[in-house]
Amino acid sequence: VVDDGLGTSNPRIWAAGDVTGHPQFVYVAGAHGSVAVDNAFTGADRVLDYAHLPRVTFTTPNIAAVGMTDEQASEAGIRCDCRVLPLQYVPRALVNRDTRGFVKLVADADTKLLVGAHVLAPEAGEMLQPAAMMIRFGIRTDEVAAMLHAYLTNAEAIKLACQVFTTDV
């Protein structure tokens, strides 16, 4: 059994990666290594926060998600406001001539904080990171909608999806 700090019932044994029972991603295992070393050798008492853990399945197109689905948010007592932006409205997808997919954002209707994002797109794993940062740092959808984004990038899709909460893009 592994505790939140990755220690075990034996004070001389620490765990990292797949043996912990946590999500099985290479980047989780890497982060576990850092946490386990800090906790074992310095008593840092660090834990990982999985609430903003990006998840990517490298199919064609990619499937990526971070945070909660609208169903999970509702079960957690969050009044959801969800928006879906088909890739046909993302300039980079048009230039790439591949508009298969969409961006779906799940926000708290009261605070406008993003609680989940789901992307089906050829570069979904790359596109998802801004949404993970929104969840991690508490950035509202209206704040991202008003930010400058580089034009003709895949990441611009998150901004455009944020705009869909108030505007017809």
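Before reading on, note that the structure itself is shown above.
So, here's what we can say about the structure. (Residues numbered from 1 in each chain as written. Predicted model: local features only at pLDDT ≥ 70, side-chain atom pairs only at ≥ 80, totals over all residues. Heavy atoms only, no water.)

**So, the overall build of the protein**
Formally: Helical segments are the DSSP runs of H or I of at least four residues, strand segments are the runs of E of at least two, and each set is numbered from the N terminus. Relative accessibility decides the category of a residue: with a 1.4 Å probe and only protein chains considered, values under 20% of the type maximum give buried, values over 50% give exposed, and everything between is partly exposed. Contacts are assigned to residue pairs that have any heavy atoms within 4.5 Å of one another.
Tallying secondary structure elements over the protein gives six helices and five strands in all. Listing each helix as α and each strand as β along the protein from the N terminus yields α-β-β-α-β-α-β-β-α-α-α. Oriented by its inertia axes, the alpha-carbon framework of the protein measures out at about 55 × 35 × 30 Å. Put simply, the protein has 169 residues, and 37% of those count as buried. Once local pairs closer than 6 in sequence are excluded, the contacts in the protein between residues at least 24 apart make up 53%.

**Looking at the pattern of salt bridges**
Where we set the bar: By salt bridge we mean one thing: a side-chain nitrogen of Lys or Arg within 4 Å of a carboxyl oxygen of Asp or Glu.
All chains considered together, the criterion is met by seven salt bridges. Among the ionic pairs, Arg46 bridges to Asp38, the shortest N-O distance being 2.4 Å. Residues Arg140 and Glu143 are paired through a salt bridge, measuring 3.5 Å at the closest nitrogen-oxygen approach. Taking the relative accessible area as the measure of exposure, Arg140 reaches 31% and is therefore partly exposed.

**Let's talk about the nonpolar core**
Spelled out, the test is: We define the nonpolar core as a collection of buried residues of types Ala, Val, Leu, Ile, Met, Phe, Trp, Tyr and Cys that are connected through side-chain atoms lying within 4.5 Å of one another.
Counting residues in each nonpolar core, the largest one holds 30 residues, and the members touching the most others are Val103 and Leu105. Those elements giving two or more residues to this core turn out to be strand 2 (62–67), strand 4 (102–108), strand 5 (114–121), helix 4 (124–137), helix 5 (141–145) and helix 6 (156–163). The biggest single contributor to this core is helix 4, with seven residues. In contact with Val103, not counting residues within four places along its chain, are Arg83, Val84, Leu85, Leu87, His118, Val119, Met127, Ala157, Ile158 and Ala161.

**So, the packing of helix 4 against helix 6**
Angle between the axes and distance between the axes: these two values describe a pair of packed helices. Quick note on the threshold: Fitting a line to C-alpha atoms yields each axis, with helices limited to the stretch in contact; the angle taken between N-to-C directions then spans 0 to 180 degrees. We call two directions roughly parallel when the angle between them is under 35 degrees, roughly antiparallel when it is over 145, roughly perpendicular when it lies between 65 and 115, and oblique otherwise. Asp, Glu, Lys and Arg are counted as charged, while Ala, Val, Leu, Ile, Met, Phe, Trp, Tyr, Cys and Pro are counted as nonpolar; the rest, among them Gly, fall into the polar class.
Running from N to C, helix 4 and helix 6 point in directions that differ by 55 degrees, and their axes come no closer than 7 Å. The angle between helix 4 and helix 6 falls in the class oblique. Contacts between helix 4 and helix 6 involve Met127, Pro130, Ala131 and Met134 from the first element and Ala157, Ile158 and Cys162 from the second. Class assignment of the residues belonging to the contact of helix 4 with helix 6 gives a composition of seven nonpolar, no polar and no charged.

**As for the side chain of His118**
Where we set the bar: For this analysis, a polar contact is any N or O atom pair within 3.5 Å, provided that within protein one partner can donate a hydrogen and the other can accept it, and provided that sequence-adjacent residues contribute only side-chain to side-chain pairs.
Position of His118 among the secondary structure elements: in strand 5. Assessed through its relative accessible area of 14%, His118 is described here as buried. There is a polar contact of 3.1 Å between the side chain of His118 and the backbone oxygen of Met68. Setting aside residues up to four positions removed in sequence, His118 forms contacts with Ala64, Ala65, Met68, Thr69, Phe102, Val103, Lys104 and Val106.

**A short note on unusual backbone geometry**
Between Thr60 and the following residue, Pro61, the backbone shows a cis peptide bond with an omega angle of 0 degrees. The backbone of Asp45 sits at a positive phi, close to 60 degrees, despite the residue not being glycine. Turning to its location among the elements, Asp45 is positioned in the loop between helix 1 (26–42) and strand 1 (55–57). Its relative accessible area of 67% is what places Asp45 among the exposed residues. For Lys112, which is not glycine, the phi torsion reads 65 degrees and is therefore positive.

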